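So you can see what is in the structure, the chains are spelled out below.
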Amino acid sequence: MKYDIIIAGGGMIGSSLALALAPLALRVAVVEAVPRAAALQPSFDDRSTALSRSSQRLYEALDLWGEVAAAATPVRRIHVSDQGRFGFAHIDAAEQGVEALGYVVINRVLGATLQRALDRISGLEIICPAHISSVHTGPQQASVTVQQADGAQRELAARLLVAADGAQSSLRSMAGIGARETRYQQQAIVGNLLPEKSLENCAYERFTSQGPLALLPLADGRAGFVWNVAERDAGRILALDDQAFLAELQAAFGNRLGMFSRVGARTGYALVLSKATRLTATRTVLVGNAAHGLHPVAAQGFNLGLRDVAALCDCIADFGLDHPELLRHYAAWRKSDQSKLVGLTDGLVRLFASSSGPVRAARGLGMLGFDLVPGVRSLFARHTMGLAGRLPRLSRGVPLP
Ligand SMILES: Cc1cc2nc3c(=O)[nH]c(=O)nc-3n(C[C@H](O)[C@H](O)[C@H](O)COP(=O)(O)OP(=O)(O)OC[C@H]3O[C@@H](n4cnc5c(N)ncnc54)[C@H](O)[C@@H]3O)c2cc1C
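Within every chain, residues take consecutive numbers counted from 1 along the sequence as written. Given that this is a predicted model, residues contribute local features only at a pLDDT of at least 70 and side-chain atom pairs are listed and counted only at 80 or more, while totals for whole chains, interfaces and linings are drawn from all residues. Think of the side-chain values as coming from all heavy atoms in the structure, minus any hydrogens and water.

1. A word on helix α7 (residues 242-253)
Counting along an α-helix, one turn takes 3.6 residues, and residues three or four places apart therefore face a common direction.
Point 1. Taking 1.5 Å of rise per residue, twelve residues should cover 16 Å, and α7 covers 16 Å from first to last C-alpha, within 8% of that figure.
Point 2. Burial status follows relative accessibility: with a 1.4 Å probe on protein chains alone, a residue under 20% of its type maximum counts as buried, one over 50% as exposed, and anything between as partly exposed. Strands are runs of DSSP state E lasting at least two residues, helices are runs of H or I lasting at least four, and both sets are numbered from the N terminus onward. Among all positions of α7, only Phe 245, Leu 246, Leu 249, Gln 250, Ala 252 and Phe 253 are buried. Considered in projection along α7, the buried side chains sweep an arc of 160 degrees and stay on one side of the axis. Turned more than 90 degrees away from the buried face of α7, the exposed residues are Gln 243 and Ala 251.
Point 3. Those residues of α7 that are buried are in contact with β12 (179-195), β13 (202-207), β14 (212-217), β15 (223-230), α6 (231-239) and β16 (260-261).
Point 4. A positive phi of about 95 degrees marks Gly 254, the residue just after α7. Take the residue count of a helix, subtract one, and multiply by 1.5 Å to get its expected span. Directions pointing from the helix axis toward each C-beta atom define the arc. The contact criterion used throughout is that any non-hydrogen atoms of two residues lie within 4.5 Å.

2. Considering the nonpolar core
Point 1. The definition of a nonpolar core used throughout is a set of buried Ala, Val, Leu, Ile, Met, Phe, Trp, Tyr and Cys residues joined through side-chain atoms within 4.5 Å. Ranked by size, the top nonpolar core spans 75 residues in total, and within it Ile 6, Ile 7 and Tyr 59 carry the most contacts.
Point 2. It is helix α8 (residues 301-319) that provides the largest number of residues to this core, a total of nine residues.
Point 3. With residues up to four places along the chain from it excluded, the contact list for Ile 7 reads Gly 14, Leu 17, Ala 18, Leu 21, Val 28, Ala 29, Val 30, Val 31, Val 162 and Ala 164.
Point 4. Membership of the second largest hydrophobic core comes to 22 residues, among which are Cys 202, Ala 223, Ala 234 and Phe 245.

3. Focus on the site of the ligand
Point 1. Residue proximity to a molecule or strand is established when one non-hydrogen atom of the residue lies within 4 Å of it. The ligand sits among 31 residues. The nearest are Glu 32, Gln 41, Ser 43, Ala 50 and Asn 289.
Point 2. Whenever two N or O atoms come within 3.5 Å, that pair is a polar contact, provided that in protein one can donate a hydrogen and the other can accept it, and provided that, for residues adjacent in sequence, both atoms are side-chain atoms. In this structure, an oxygen atom belonging to the ligand sits 2.6 Å away from a side-chain N or O atom of Glu 32.
Point 3. Between the ligand and Arg 47, the relevant distance is 3.1 Å, taken from an oxygen atom to a side-chain nitrogen or oxygen of the residue.
Point 4. Relative to its unbound accessible area of 1,000 Å², the ligand is 88% covered by the protein chains.
Point 5. Among the elements of the structure, α1 (12-21), β3 (48-52), β9 (130-137), β12 and α8 are those that each provide at least two residues to the shell around the ligand.
Point 6. Gly counts as polar in this scheme, as do all residues outside two lists: the nonpolar Ala, Val, Leu, Ile, Met, Phe, Trp, Tyr, Cys and Pro, and the charged Asp, Glu, Lys and Arg. Here the shell around the ligand is composed, by residue class, of 14 nonpolar, 14 polar and three charged. Per-residue and other accessible areas were derived by the Shrake-Rupley procedure at a 1.4 Å probe size, with only the shown protein chains allowed to occlude residues.

Next up, the structure:
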């Protein structure tokens, strides 16, 4: 079978890419390892994701935003504090001249919206559950062997292979691209709870002695939390009963939102910074976590991946799939955004992990400067909203031609 594009991985990024490519009327196949039943899909789990403005615009351009927004909670303020220190920093949507800084959506809910939309695309083939077991690339096309879960094997070919199969991308390795990994020795413990006081559309980020703790506003007055704790403590914290868990989380966050109660199930994610050594190989390109896996401290990994999707679609629309400049142009365009966000997230984790007196004093001053100087706030807000640098069409809300 011959396709224009084969996408390995039908998670958050692979599905979004298949949807974004639809107007280009290409023959596309998605090869996804995990059965489509939502309960099993690791990309569409119970995490809450903060979508940036550029992600909102991409879904607007795909005519999906109405469905996503119906299940999303707007973030109008971000409040940043450092445990054990006075003072805080904040970013305000009104000050930035926008209706919301971002929107929080549960991955499972976003996943269901994306899956429904995929079913509406005629001509898209989803091969699932299946994985690519071998790759052979040449100047004209890439040939792959697809191993289906029922034991059947298929030989497919495409003009472009896209690795959207996550941080441990096997397509990346098969294409001969390495990845540099740094383990943070931290786990993110994720779940939701009911605070006594409403978050009132504010997202909280608190830097604690264990690691950063984020509380995100959800529907029904609930809050999603992402609590980054030291790897050595994660097993013990995950094993705590509801009462004991809430007591530890409350001690880390403080009483700004009153007492916490009704905590849901908790899941732990080991945190690793991964960065592919290259973004392209012959007839192959990397997007999303296959290209870069970030610490969730600034809630940027998925948003960055959607800008990969938007840039790749722009390059395909402008150059076509056989142009020698396609891959070089994509890689050059994505380099700066990816490096900046790797630097930003990694820098924040390291800065706030330090317990040295001078570093703590400097970051206190930094937060003060951040809060007092609106220009600094605006610059940071533009980056976290995904609006910095040269943006591809879809990230500006402009549909593909
Ligand atoms: C705790 C936590 C909180 C986060 N919060 C945010 C946030 O608020 N905002 C934000 O922007 N980002 C956030 N992120 C990052 C975000 O979740 C990821 O960037 C995003 O899931 C990446 O999507 P992906 O599709 O590239 O990879 P994945 O989600 O890993 O999906 C990969 C897909 O490929 C499939 N697959 C794997 N191997 C194969 C194979 N061999 N063949 C075929 N298919 C395969 C998998 O089944 C899966 O469907 C968070 C991450 C964590 C851990």
